[in-house]
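Below, each chain spelled out in residue letters.
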Amino acid sequence: MKIKAIIFDMDGVLIEAKDWHYEALNRALGLFGYTISRYDHLVTYDGLPTRKKLEMLTMERNLPKSLHSFINEMKQIYTMEIIYQKCKPTFYHEYALSKLKSEGYRLAVASNSVRRSVEMMMEKSKLDQYLEFMLSNQDVKKSKPDPEIYLTAISKFNLQPLECLIIEDNPNGIKAAKDSGAHVYQVETVRDVNYQAIKAAIKQAEEI
């Protein structure tokens, strides 16, 4: 079956933002004397929405539930500050998305981040112009590792799962992508998300 659409995760796929989320969350937690290690962030929390991370901290480290909304709000403010400072266009991503779009592929982003972060990062990286739509964790009831966000994207395209290729980098996202029934291209870093690699992944998916 021919691949007609490509759905990108955002953090760690199109934007090197894992550290930004780590920094922002730690700054917000630090207001109340809490902290998470870089190791824990990568191994346990990577790819989860902030509200889920806070629920886990409440269970594991007794973070008071009453602080969740304030910490979440501060985390989003700090994230925005970092996006303004650090989010810039990357040539190989712009080249990949513009070329894929010109070849007729339909493109979208589906991220566990909040809508404001997704829109801001896509705008600052100049990738928004190539996307048909963007989905955030506010567009679904269940965030990744649940496949809802990818199933929503596939139905917005009005396509079958096997007509779509999802690009993901972390275990929670990869599980969501696989459970949607679409083809999945797993990447290690944002550098793996380049035109040649995506075309190779499309070719491989179409041969299955």
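Our structure is the block above this text.
Residues numbered from 1 in each chain as written. Predicted model: local features only at pLDDT ≥ 70, side-chain atom pairs only at ≥ 80, totals over all residues. Heavy atoms only, no water.

S.K.: Which residues make up the overall build of the protein chain, and what values do they have?
M.R.: A count of helical and extended segments in the protein chain gives nine helices and five strands. Helices and strands in the protein chain line up, N terminus first, as β-α-α-α-α-α-β-α-β-α-β-α-β-α. Projected onto the principal axes, the alpha-carbon positions of the protein chain cover approximately 50 × 35 × 25 Å. For the protein chain, the residues scored as buried account for 53% of the 208 residues in total. In the protein chain, the share of contacts with a sequence separation of at least 24, taken over all contacts with a separation of at least 6, comes to 70%. Carbon and sulfur atoms form 52% of the exposed surface of the protein chain, whose accessible area is close to 10000 Å². Of the charged side chains in the protein chain, 29 are positive and 28 negative; the average position of the first set lies 2 Å away from that of the second. (Helix = DSSP H or I, 4+ residues; strand = E, 2+ residues; numbered from the N terminus. Buried < 20%, exposed > 50% of the residue type's maximum accessible area, 1.4 Å probe, protein only. Contact = heavy atoms within 4.5 Å. Areas by Shrake-Rupley, 256 points an atom, 1.4 Å probe, with all protein chains shown as cover. Lys, Arg positive; Asp, Glu negative; His and termini not counted. Charge placed at Lys NZ, Arg CZ, Asp CG, Glu CD.)

S.K.: Mind laying out the nonpolar core, listing which residues take part and the relevant values?
M.R.: Counting residues in hydrophobic clusters, the biggest one holds 54 residues, and the most contacted among them are Phe 8, Leu 14 and Ile 198. In this structure Ile 198 touches Ile 6, Phe 8, Ala 96, Leu 100, Leu 165, Ile 167, Tyr 185 and Val 193, once residues within four positions along its chain are discounted. Counting 18 residues, the second largest nonpolar core, distinct from the first, contains Ala 5, Ile 149, Leu 159 and Ile 166. (Core = buried A, V, L, I, M, F, W, Y, C linked by side-chain atoms within 4.5 Å.)

S.K.: So, the side chain of His 41: which residues are in play, and what are the values?
M.R.: Its location among the elements puts His 41 in helix 2 (residues 38–45). The class of His 41 is buried, set by a relative accessible area of 3%. In contact with His 41, other than residues within four places in its own chain, are Lys 18, His 21, Tyr 22, Ile 36, Asp 46 and Lys 53.

S.K.: Just give me the short version of unusual backbone geometry, but keep the residues and values in it.
M.R.: Backbone geometry follows two general trends: most residues other than glycine have a negative phi, and most peptide bonds adopt the trans configuration. Here Lys 144 and Pro 145 are connected by a cis peptide whose omega angle stands at 20°. For Pro 145, the position within the fold is in the loop between strand 3 (133–135) and helix 7 (148–157). The phi dihedral of Asn 62 is positive, around 60°, even though this residue is not glycine. By the element assignment, Asn 62 lies in the loop between helix 3 (50–61) and helix 4 (68–86). In this structure Asn 62 comes out as exposed when scored by relative accessible area, which is 61%. Unlike most non-glycine residues, Lys 126 shows phi in positive territory, near 65°.

S.K.: Lay out the pairing of strand 1 (residues 5–8) with the relevant residues and their values.
M.R.: Burial of strand 1 is two-sided: the residues Ala 5 and Ile 7 facing one way and the residues Ile 6 and Phe 8 facing the other way are all buried. The pairing of strand 1 with strand 2 (residues 106–110) spans four bridges and is parallel. In the sheet register, Ile 7 faces strand 2, and the bridge partner there is Ala 108. Relative to strand 4 (residues 164–168), strand 1 runs parallel, the two being bridged by four bridges. (Pairing = 2+ DSSP bridges.)

S.K.: Tell me about the packing of helix 4 against helix 6 (residues 115–124), residues and numbers included.
M.R.: The description of two helices packed together rests on the angle between their axes and the distance between the axes. Running from amino to carboxyl end, helix 4 crosses helix 6 at an angle of 5°, the nearest separation of the two axes being 10 Å. Overall, the two elements helix 4 and helix 6 adopt an arrangement that is roughly parallel. Contacts between helix 4 and helix 6 pair Gln 76, Thr 79, Met 80, Ile 83 and Tyr 84 from the former with Arg 116, Ser 117, Met 120, Met 121 and Lys 124 from the latter. Considering only residue class, the contact of helix 4 with helix 6 consists of five nonpolar, three polar and two charged. (Axes fitted to C-alpha atoms, helices over the stretch in contact; angles between N-to-C directions. Parallel < 35°, antiparallel > 145°, perpendicular 65-115°, else oblique. Nonpolar A, V, L, I, M, F, W, Y, C, P; charged D, E, K, R; others polar.)

In short, shape yes, function no, at least from these values alone.
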